[in-house]
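Observations on the three-dimensional arrangement
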Amino acid sequence: MKLEETEYIKVRDAEVGETGWAYISNGSYVLDNDFERIPHGSILELEKDGYTIKNFVDRNKLDAERREREHKEEMARQNKELHKYIGKHVKTRQGIGEILRVEGTWAIAEFEDGEIKHYTLSSINDFLKGGRIY
């Protein structure tokens, strides 16, 4: 069956006796229904009959793993970038503070009055644009 340039095929999960539809995307069959044991959007491997589901890959789980991996990479990048500012001074309304250390994605600055402030990389970049880090 073809709907608006997307080709659909009937598929069956023999394990629980459900039938539904899958569409073809980049040469893969993608489940267009929510089955009892197979979530919507899963990539299907079909038997030779082209109808019965042999195996599946939960694309939602793959996407979540990819997003988590990319998030960790971004946090590591920000941490590395913030380390460049250790020892630099920042000028704010509180006065002048020195960036002493980095914890995760926070630069920790101590001010003349002993107050501690935490800054993200975007805040540090704003200070740089305003000429308030030296």
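Before any of the text, the structure's been laid out above.
Residues numbered from 1 in each chain as written. Predicted model: local features only at pLDDT ≥ 70, side-chain atom pairs only at ≥ 80, totals over all residues. Heavy atoms only, no water.

A positive phi angle, close to 50°, is found at Asn26, a residue other than glycine. The topology assignment puts Asn26 in the loop between strand S3 (18-25) and strand S4 (28-31). (Helix = DSSP H or I, 4+ residues; strand = E, 2+ residues; numbered from the N terminus.)

Attention shifts here to the sheet that holds S3. Here we have 6 strands laid out as an open sheet, ordered S1-S2-S3-S4-S5-S6, and antiparallel in their pairing. On the outer flanks of this sheet lie strand S1 (2-3) and strand S6 (53-57), each paired with one strand and no other. Bridge count between S4 and strand S5 (residues 43-46): 2 bridges; the pairing is antiparallel. Following the sheet pairing, Val30 is matched in S5 by Ile43. (Pairing = 2+ DSSP bridges.)

Soluble globular proteins tend to pack their nonpolar side chains together in the buried interior. Judged by nonpolar contacts, the single largest core of 13 residues is most densely connected at Leu82, Val90, Ile99, Ala109, Tyr119, Ile124 and Phe127. Within the residue set of this core, elements represented by two or more residues are strand S8 (95-103), strand S9 (106-111) and helix H2 (121-129). Once you skip the residues sitting within four places of it in the chain, Leu82 turns out to touch Val102, Thr105, Trp106, Ala107, Thr120, Leu121 and Ile124. Counting residues in each nonpolar core, the second largest holds 9 residues, with Val11, Leu44, Leu46 and Ile53 among its members. (Core = buried A, V, L, I, M, F, W, Y, C linked by side-chain atoms within 4.5 Å. Buried < 20%, exposed > 50% of the residue type's maximum accessible area, 1.4 Å probe, protein only. Contact = heavy atoms within 4.5 Å.)

We now examine the pairing of S3. Strand direction decides the pairing type here: strand S2 (residues 6-13) and S3, joined by 6 bridges, are antiparallel. In the sheet register, Val11 faces S3, and the bridge partner there is Gly20. The loop that links S2 with its antiparallel partner S3 comprises 4 residues; one of these, Gly17, has a positive phi angle of about 75°. For S3 and S4, the ladder comprises 4 bridges, and the chain directions are antiparallel.

Glancing now at the pattern of salt bridges. A side chain with one charge may pair with a side chain of the opposite charge, provided their charged atoms come close. Overall, the coordinates contain 9 salt bridges when judged by the stated rule. For Arg66, the salt bridge identified is with Glu70, shortest N-O distance 3.1 Å. With Arg66 and Glu70 both in helix H1 (residues 59-83), this residue pair falls 4 residues apart, about one helical turn. Note that Arg77 is salt-bridged to Glu74, the shortest N-O span being 2.7 Å. Of this pair, Arg77 and Glu74 both sit in helix H1, 3 residues apart, roughly one helical turn. Classification of Glu74 by relative accessible area gives partly exposed; the value is 30%. (Salt bridge = Lys/Arg side-chain N within 4 Å of Asp/Glu carboxyl O.)

Everything listed is a geometric property; what it means functionally is a separate question.
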